[in-house]
Amino acid sequence: MRAIDIKGLKVTACHGVLPQEKTNPQPFVFDISIDCDTSSAAKSDNVCDTVNYAEVCELITHFCKQNTFNLIERLAYGAAFTVVEKYAKITAAEVTVHKPQAPVGLPFSDICVSARVERNKAVLSLGSSEGDKKATLDGAIKELSALNGVKVLKVSDYIQTEPYGGAAQNQFLNCAVLTECLISPRELLNGIHKIEAKFGRKREVRWGDRTLDIDIIFFGNKVVREEGLSIPHPDYQNRDFVLTPLKKIASGFVCPVTGKRVSDI
């Protein structure tokens, strides 16, 4: 038993691109599908062992009424994010927003948009070989914690390592960080790039010295092969500076490609 469905939640609010939609309330209808383990509640008959769907309805109603968005895409995503963020028991939520009175000017039966937000554990590798390395890693971890939808759960000890790849000249200070993410891998990567830039990262020489380098090693059980984004990291198994701190904080993590636990790599 891993799902709770709420269908047809009706809320009157102001969302839309047109000026009148921002001042004249209109109906919106929400369908919510929640992924969570309800097996304990099925045995205990105790609401504390599940997600209280009445509270979920109140939460979404409040979110819908207290905000004004141009697009129902934004409304659906925000509602899903709010639900997953609120309840630790929830591993994912999909919200569909129906707009029955959308100003289309033609007959239609329904207009709706769906958005899904998942809770995933992501493992990151951080390194620095220039400047005050410890201060840089400390600052980067603080910035990661400040990203919306990212929570730092564990940080390994810092270790000093020799440069990798043949281009860097300085020793590195490295660590691993275990995070919980409500955002997508691409959104996490975009946040990482901003943090690296804030600490003066310049991408001039491959494997060269750098103020800060942050790599996504794992993102849940996802396998991603996109332009500029490969998860699991394609070279992590060959990097002791990744594996050594990683085994301290996520030894039980299973690589979705090899099927091996980190402790066995």
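A. Region of the structure containing the environment of glycine 200. Checked against the element boundaries, glycine 200 lands in the loop between helix H5 (185-198) and strand E9 (213-219). When the C-alpha atoms of glycine 200 and glutamate 130 are compared, they prove to be 9.9 Å apart, with 70 residues separating the residues in sequence.

B. Representation of the sheet that holds strand E2 (residues 26-36) in the model. As summarised here, the arrangement of the four strands in space is E1-E2-E3-E4, forming an open sheet in which the pairing is antiparallel. Either end of the sheet is taken by a strand with one partner, and the two such strands are strand E1 (3-13) and strand E4 (112-118). The mean inter-strand angle of the sheet, taken between neighbouring strand axes irrespective of direction, is 15°. Looking at chain direction, E1 and E2 are connected through nine bridges and run antiparallel. Residue pairing for E2: alanine 13 is matched across the bridge by glutamine 26.

C. How the structure looks around the nonpolar core. Grouped together as the largest cluster of nonpolar side chains are 59 residues, with contacts concentrated most on Phe30, Leu126, Leu188 and Ile216. Discounting residues that sit within four places of it in the chain, leucine 126 has contacts with Leu137, Ala140, Ile141, Leu144, Leu173, Asn174, Cys175, Val177, Asp213 and Ile214. By size, the runner-up hydrophobic cluster in this structure holds 15 residues, among which are Leu178, Val242, Leu243 and Val262.

Quick notes on the rules
Residues numbered from 1 in each chain as written. Predicted model: local features only at pLDDT ≥ 70, side-chain atom pairs only at ≥ 80, totals over all residues. Heavy atoms only, no water. Helix = DSSP H or I, 4+ residues; strand = E, 2+ residues; numbered from the N terminus. Pairing = 2+ DSSP bridges. Axes fitted to C-alpha atoms, helices over the stretch in contact; angles between N-to-C directions. Core = buried A, V, L, I, M, F, W, Y, C linked by side-chain atoms within 4.5 Å. Buried < 20%, exposed > 50% of the residue type's maximum accessible area, 1.4 Å probe, protein only. Contact = heavy atoms within 4.5 Å.

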